[in-house]
Amino acid sequence: MNLPNKLTLFRIILIPFFVFFMLADVGMGWWAYLIALIIFVVASLTDMLDGRIARKRNLVTNFGKFMDPLADKLLVCSALICLMALGFIPAWIVIIIIAREFVISGFRLIAAEHQVVIAAGIWGKLKTVFQMAAIILFLLGCAWNLRLAGIYPIFLLAYIALYVALVLTVISLIVYLVKNRDVLREQD
């Protein structure tokens with residue numbers, strides 16, 4: 001197994017630890033959120049690194065093509081669900097974002113059956129950047145207990161990033177479906 005694939009697996013392994021520190025009340029207070037923040041940032045960095053290393057060293061594999069996007073979706077969706085469970089994010093936003101991921105994943109499976117690889121577009125990449133930025137800002141707010149201290153700017157920035165991510169989620173879905181509609185036509 002090459003290094004990029006190991007990084008992808010490492011990211012997946014980090015997810016349960018992230019969820020544990022976000023949701024398990026282990027008497028650590030804000031320290032648990034700080035640990036969750038560190039885990040999320042490390043996992044996010046492995047996402048950036050594995051792709052760069054794979055392309056630079058020509059280590060792109062079918063495993064990586066399948067597991068890397070799956071690991072990203074698991075990480076982001078886990079974080080959004082945790083933040084929803086803690087009352088920071090409304091359920092309807094999380095549902096829209098997760099539904100988009102299911103639609104795109106299903107669409108990619110159909111394309112793969114026809115040996116068509118659909119690369120991520122700029123809208124999807126921007127969506128991911130804003131999703132991760134929003135999550136990191138929410139986690140910073142949780143970690144430093146800013147909400148209870150009455151310091152709201154970080155949460156305001158987090159909500160702005162979240163709503164931008166939501167808009168980009170819808171735009172990227174529409175662009176993705178329109179751009180790749182031929183894959184669906186072949187199924188008729």
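This text follows the structure it describes.
Residues numbered from 1 in each chain as written. Predicted model: local features only at pLDDT ≥ 70, side-chain atom pairs only at ≥ 80, totals over all residues. Heavy atoms only, no water.

(A) Representation of the packing of helix H1 (residues 3-23) against helix H2 (residues 30-56). Viewed as axis vectors pointing N to C, H1 and H2 meet at an angle of 165°, and their least axial separation amounts to 9 Å. Overall, the two elements H1 and H2 adopt an arrangement that is roughly antiparallel. In the packing of H1 onto H2, the handedness of the crossing is left-handed. The residue makeup of the contact of H1 with H2, split by class, is 20 nonpolar, 2 polar and 3 charged. (Axes fitted to C-alpha atoms, helices over the stretch in contact; angles between N-to-C directions. Helix = DSSP H or I, 4+ residues; strand = E, 2+ residues; numbered from the N terminus. Parallel < 35°, antiparallel > 145°, perpendicular 65-115°, else oblique. Left-handed = near helix turned anticlockwise from the far one by under 90°. Nonpolar A, V, L, I, M, F, W, Y, C, P; charged D, E, K, R; others polar.)

(B) Molecular detail of the environment of phenylalanine 88. For phenylalanine 88, the location among the structural elements is in the loop between helix H3 (62-85) and helix H4 (91-113). For phenylalanine 88, a relative accessible area of 8% corresponds to the buried category. With 76 residues separating them in the primary sequence, phenylalanine 88 and valine 164 have C-alpha atoms 16 Å apart. (Buried < 20%, exposed > 50% of the residue type's maximum accessible area, 1.4 Å probe, protein only.)

(C) A nonpolar patch on the surface, seen in detail. Residues Trp92, Ile96, Tyr163, Val170, Ile174 and Val178 make up a contiguous nonpolar surface patch of about 530 Å² in total accessible area. Listing elements by their share of the nonpolar patch, those giving two or more residues are H4 and helix H7 (153-179). With 4 residues, H7 is the single largest residue contributor to the nonpolar patch. Looking at the element boundaries, valine 170 is found in helix H7. The exposure class of valine 170 is partly exposed, given its relative accessible area of 39%. (Patch = residues over 30% accessible without salt bridge, like charges linked within 9 Å, V, L, I, M, F, W, Y side chains within 5 Å. Areas by Shrake-Rupley, 256 points an atom, 1.4 Å probe, with all protein chains shown as cover. Salt bridge = Lys/Arg side-chain N within 4 Å of Asp/Glu carboxyl O.)

(D) Representation of the state of the cysteines within the structure. Counted according to the given criterion, the structure contains 0 disulfides. With no disulfide of its own, cysteine 77 has cysteine 82 as its nearest cysteine by sulfur position, at a separation of 11 Å. Free cysteine: cysteine 82, not disulfide-bonded; nearest cysteine sulfur from cysteine 142 at 10 Å. For cysteine 82, a relative accessible area of 2% translates into the label buried. (Disulfide = S-S within 2.5 Å.)

(E) Structural detail: H4. The end-to-end C-alpha distance of H4 is 33 Å, a good match for the 33 Å that 23 residues give at a rise of 1.5 Å each. Where H4 is concerned, the buried positions are Ile93, Val94, Ile97, Ile98, Arg100, Glu101, Ile104, Phe107 and Ala111. (Expected span 1.5 Å × (residues − 1).)

(F) A look at the packing of H2 against helix H5 (residues 122-143). Two numbers describe how H2 lies on H5: the axes approach to 8 Å, and their chain directions differ by 160°. Viewed along their axes, H2 and H5 adopt a mutual orientation that is roughly antiparallel. Here the hand of the crossing between H2 and H5 comes out left-handed. Along the contact surface, H2 presents Trp30, Tyr33, Leu34, Ala36, Leu37, Phe40, Val41, Ser44 and Asp47, while H5 presents Met132, Ile135, Ile136, Leu139, Leu140, Cys142 and Ala143. (Contact = heavy atoms within 4.5 Å.)

(G) Summary view of the pattern of salt bridges. Evaluated as defined, the whole model comprises 7 salt bridges. Its salt-bridge partner being aspartate 50, residue arginine 11 comes within 3.1 Å of it at the nearest N-O pair. You can see arginine 11 sitting in helix H1 and its partner aspartate 50 sitting in helix H2, a full 39 residues away along the chain. Of the two residues, arginine 11 and aspartate 50, both sit in the buried class. For lysine 73, the salt bridge is made with glutamate 101, and the minimal N-O distance between the two is 3.3 Å. Taken as a pair, lysine 73 in helix H3 and glutamate 101 in helix H4 lie far apart in primary sequence, 28 residues in all.

(H) A look at the side chain of serine 44. Inspection of the secondary structure assignment puts serine 44 in helix H2. Looking at serine 44, the relative accessible area reads 12%, which means it is buried.

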